[in-house]
Amino acid sequence: MANELKFFTKKLQLGSRIGYEDADRLFKALIEEKEEDLLTAFFTAWNAKGIDATEIAAFASVMRKRMIRVEAPNGKPVADIVGTGGSSKKTFNVSTAAAIVAASAGVVIAKHGNRAATGKSGSVDVLESLKINLPRSAPDATKDLNNHSLAFLAAPYFHRLSPTLANVRRSLGFPTIFNCVGPICNPASPRFQLIGARNRETAESIALALFQLGGISAWVVNSGDAYDEISAVEPSDVFEVSANGVNRFSISPRDFAILPAETFPPTAEGPQESAELIISVLRCQKPETAEEKLVLMNCASLIFITGNAGSLAEAYKIAEKALRSGAALNKLREISSRTDL
């Protein structure tokens, strides 16, 4: 495997692309390699070259073939909301909170996620702080979807990677190809997705990769203030993926019929702090704040993508009603073993 990885590292250093014909060999080399220095050199070379849409699609196609698949409940369409991580601005786990609100509003959510690789709190980290039991098998995940319309799919249980690879990713300090392909390799194969990307270029590349892979309606977004989600303050770029291609446009809080937040959302220093912020939003203790608007706007965008609302403003009202009525907090109570909710 060492020779294989050295070959691909040299290829990247020369500016060559990793194509579909390389993806299987490369994936095998990555998950079998035990030398962290070789993995570090490889990812450093790919980061220096840059990752393009075809590389994302090729790598995702291999991961999709290898993943443990989760069946949707009774053929119902499933949605996901997820960020790539790696953005220069850090908030709390917005997509986790938005997923809970969306499920309470009637959207079937299979949320894919992992531990933090470049940030302070990945979705798995904050779910542990919220005391939400994660399904460890496909049947358990399908059971959660049937019982709660919500399943949190932790990547380590559905993708066979390696501890060495995980250690290297955490040590690098920059995002890798796995940040790009993780969100588009959801074991439940959702029909609808809202994906936050760390910058505009990455958002466009992921959108183009999704179009190459086909069969999904998605928004890949990046905000003007450098968040990997739709911003409550600044306009956000949207790359809309459909059967017809990729369409780019911009949205702002006013498209949701709300005013922009006056301040940026707070930064969570770790999963416990992120969990407390999520709970405070679901308890309606943060009315009209940046953190509440951030959760509701991202939830509303997913509701709109699924076709459950005719406009972003209508979708925002649906999300807001789920929050204000207590349905979102009840959804958290339904899936959490915490006694202080």
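So, here is what we can say about the structure in this document.

Conventions we followed
Residues take numbers from 1 onward in each chain, read along the sequence in its written order. At least 70 in pLDDT is required for a residue's local features to be given in this predicted model, at least 80 for side-chain atom pairs to be given and counted, and no such filter applies to totals for whole chains, interfaces and linings, which use all residues. Excluding hydrogens and water, the side-chain values take into account all heavy atoms of the structure. A pocket here means an open set of points on a 1 Å grid, computed over the protein atoms alone, that has protein on both sides within 12 Å along at least five of seven lines. A cavity is instead a set of points where a 1.4 Å probe fits but cannot get out; residues with an atom within 4 Å of a point line either one. Grid points are joined across faces, edges and corners, and a volume is the space filled by probe spheres set on the points. A run of H or I in DSSP counts as a helix once it spans at least four residues, and a run of E counts as a strand once it spans at least two, with each numbered from the N terminus. Here an angle of 0 to 180 degrees is reported between the N-to-C directions of two axes, which are lines fitted to C-alpha atoms, with helices fitted over the stretch in contact. Any angle between 65 and 115 degrees counts as roughly perpendicular, while under 35 counts as roughly parallel, over 145 as roughly antiparallel, and the rest as oblique. Helix crossings fall into two classes, left-handed where the near helix is turned counterclockwise from the far one by less than a right angle and right-handed where it is turned clockwise. Contact criterion: two residues are considered in contact whenever any of their non-hydrogen atoms come within 4.5 Å of each other. Here the term charged refers only to Asp, Glu, Lys and Arg, the term nonpolar to Ala, Val, Leu, Ile, Met, Phe, Trp, Tyr, Cys and Pro, and the term polar to all other amino acids, Gly among them. Just to be clear on terms, a salt bridge is a Lys or Arg side-chain nitrogen sitting within 4 Å of an Asp or Glu carboxyl oxygen. Definition used in this section: a nonpolar core is a set of buried Ala, Val, Leu, Ile, Met, Phe, Trp, Tyr and Cys residues joined via side-chain atoms within 4.5 Å. Per-residue accessibility, obtained with a 1.4 Å probe over protein chains only, is compared with the maximum for each type, and a residue is labelled buried under 20%, exposed over 50%, and partly exposed between these values. In summary, the pairing rule links any two rings of Phe, Tyr or Trp, Trp by its six-membered ring, whose centres are within 6.5 Å, and it sorts them by plane angle into stacked for under 30 degrees, edge-to-face for over 60 and tilted for everything else. Here, patches come from residues exposed beyond 30% relative accessible area and free of salt bridges, joined within 9 Å for like charges and within 5 Å for nonpolar side chains (Val, Leu, Ile, Met, Phe, Trp, Tyr). Note on areas: Shrake-Rupley with a 1.4 Å probe; residue coverage comes only from the protein chains shown.

**Digging into the layout of surface pockets**
Logical step 1: Estimated volume of the second largest pocket: approximately 200 Å³.
Logical step 2: Along the walls of the second largest pocket sit 16 residues, with I132, N133, D144, H148 and I335 positioned nearest its centre.
Logical step 3: Secondary structure elements with two or more residues in the lining of the second largest pocket: α7 (138–148), β3 (150–154) and α15 (327–335).
Logical step 4: At 4 residues, the largest contribution of residues to the lining of the second largest pocket is made by α7.

**Observations regarding the packing of helix α5 (residues 94–104) against helix α13 (residues 290–305)**
Logical step 1: Contact geometry of α5 with α13 gives a least axis separation of 8 Å together with a crossing angle of 60°. As far as their axial angle goes, α13 and α5 are oblique. Every pair of crossing elements has a handedness; the one defined by α5 and α13 is right-handed. Between α5, through V94, A97, A98, V101 and A102, and α13, the contact on the second element is made entirely by L294, V295, N298, C299 and L302.
Logical step 2: A class-by-class count of the residues in the contact of α5 with α13 yields 9 nonpolar, 1 polar and no charged.

**A closer look at the pattern of salt bridges**
Logical step 1: Inspection of the entire model under this criterion finds 14 salt bridges.
Logical step 2: Two residues, R200 and D237, come together in a salt bridge whose shortest N-O distance is 2.8 Å. Of the two residues, R200 sits in helix α11 (residues 200–213) while D237 sits in strand β6 (residues 236–242), which places them 37 residues apart along the sequence.
Logical step 3: When the shortest N-O distance is used, the salt bridge between E276 and R338 registers 3.1 Å.

**Focus on the nonpolar core**
Logical step 1: One finds I109, W219 and L282 to be the most contacted residues of the largest nonpolar core, which totals 63 residues.
Logical step 2: The dominant element in this core, judged by the number of residues it contributes, is α13, at 10 residues.
Logical step 3: A29, L30, L165 and V241 belong to the second-largest nonpolar core, a separate cluster that totals 45 residues.

**A word on the packing of aromatic side chains**
Logical step 1: Going through the model one piece at a time under the given rule, you end up with 10 aromatic pairs.
Logical step 2: Centre to centre, the rings of F43 and F178 are 6.3 Å apart; their planes meet at 65°, and the pair counts as edge-to-face. In this pair, F43 is assigned in helix α3 (residues 36–49) and F178 in helix α10 (residues 177–181), connecting sequence segments 135 residues apart. Accessibility classification places F43 together with F178 in one group, the buried group.
Logical step 3: Three or more aromatic residues link up through ring pairs in this structure, and these residues are F27, F42, F43, W46, F59 and F178.

**Quick notes on a nonpolar patch on the surface**
Logical step 1: Judged by side-chain polarity, L208, F211 and V246 come together as a nonpolar surface patch covering roughly 210 Å² of accessible area.
Logical step 2: By the secondary structure assignment, V246 is in strand β7 (residues 245–251).
Logical step 3: Among the residues examined, V246 registers a relative accessible area of 30% and is labelled partly exposed.

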